[in-house]
Amino acid sequence: QVQLVESGGGSVQAGGSLRLSCAASGVTISVYTVAWFRQAPGKEREFIASIRWNGGSTYYSDSVKGRFTISRDNAKNTVYLQMNSLKAEDTAVYYCAVPRTSYYYTQSPKAFGSWGQGTQVTVSS
């Protein structure tokens, strides 16, 4: 059974930084795309970043490009999201997710079959 556990969320002032972690068990993430999504109150879940199984290709939404960095440590079966220059509009619950199919790249939430429980990020201005 796939389990994803996010950690590293918290409260920070605008301009600050946080690093989120997504630790996986029950799956070897080295053969999967791993993505981060976020959901703010009253809004739909939004794709923000992903990294392919080979670790060489990363993708970001325009809203976080240049501020967030996704990386992976396959030896630790963990994916990270370094978030810098945080803004109030980054406030949301952040989720990591793995698609149903290995060696498959997607950004569509519907294609992701395994999700973590989420970690809250609150940025005060």
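Up top is the structure these notes are about.
The structure reproduced in this document is the subject of the present report. Small disclaimer: the values here were computed from a predicted structure and weren't measured.

Overview of the overall build of the chain
Then step 1. Along the backbone of the chain there are zero helices and eleven strands.
Then step 2. N-terminal to C-terminal, the α/β element order of the chain is β-β-β-β-β-β-β-β-β-β-β.
Then step 3. If you line up the chain on its principal axes, its C-alpha atoms span 40 × 30 × 25 Å.
Then step 4. Looking at the chain as a whole, 45% of its 125 residues qualify as buried.
Then step 5. Of the charged side chains in the chain, 12 are positive and 7 negative; the average position of the first set lies 5 Å away from that of the second.

A short note on the pairing of strand E8 (residues 78-83)
In regular strands, side chains alternate between the two faces of the sheet.
Then step 1. Of all six residues in E8, five are buried, a share of seventy percent or more.
Then step 2. If you look at the hairpin formed by strand E7 (residues 68-73) and E8, you'll find four residues sitting between the two strands, and Asn77 has a positive phi there, around 55°.

Re the nonpolar core
Then step 1. In terms of nonpolar packing, the biggest core is built from 28 residues, with Trp36, Phe68, Ile70, Val79, Leu81, Met83 and Tyr94 touching the most fellow members.
Then step 2. For this core, the secondary-structure elements that each account for two or more residues are strand E3 (18-25), strand E4 (34-39), strand E5 (46-51), E7, E8, strand E9 (92-99) and strand E11 (119-124).
Then step 3. Counting residues in hydrophobic clusters, the runner-up holds seven residues, among them Phe37, Phe47, Ala97 and Tyr105.

A word on the sheet that holds strand E1 (residues 3-7)
Strand pairs in the sheet, formed through backbone hydrogen bonds, run parallel or antiparallel to each other.
Then step 1. Read from one edge to the other, the open sheet built from four strands follows the order E1-E3-E8-E7, with strand pairing classed as antiparallel. The outermost strands of the open sheet, each flanked by one partner alone, are E1 and E7. Across the sheet, the axes of successive neighbouring strands diverge by a mean angle of 15°, strand direction being ignored.
Then step 2. Of the pairings in the sheet, the one linking E7 to E8 comprises six bridges and is antiparallel in character. By the bridge assignment, Thr69 is partnered in E8 with Gln82.

Things to note about the pattern of salt bridges
Then step 1. Applying the stated criterion across every chain, the model contains four salt bridges.
Then step 2. Between Glu46 and Arg38 there is a salt bridge, with its nearest N and O atoms 2.9 Å apart.
Then step 3. One salt bridge in this structure joins Asp62 and Lys65, with 3.3 Å as the shortest N-O distance.
Then step 4. Asp62 gets classed as exposed once you look at its relative accessible area, which sits at 69%.
Then step 5. A single salt-bridge network, built from bridges that share partners, covers Arg38, Glu46, Arg67 and Asp90.

The rules behind the values
- Residues numbered from 1 in each chain as written.
- Predicted model: local features only at pLDDT ≥ 70, side-chain atom pairs only at ≥ 80, totals over all residues.
- Heavy atoms only, no water.
- Helix = DSSP H or I, 4+ residues; strand = E, 2+ residues; numbered from the N terminus.
- Buried < 20%, exposed > 50% of the residue type's maximum accessible area, 1.4 Å probe, protein only.
- Lys, Arg positive; Asp, Glu negative; His and termini not counted.
- Charge placed at Lys NZ, Arg CZ, Asp CG, Glu CD.
- Pairing = 2+ DSSP bridges.
- Core = buried A, V, L, I, M, F, W, Y, C linked by side-chain atoms within 4.5 Å.
- Axes fitted to C-alpha atoms, helices over the stretch in contact; angles between N-to-C directions.
- Salt bridge = Lys/Arg side-chain N within 4 Å of Asp/Glu carboxyl O.

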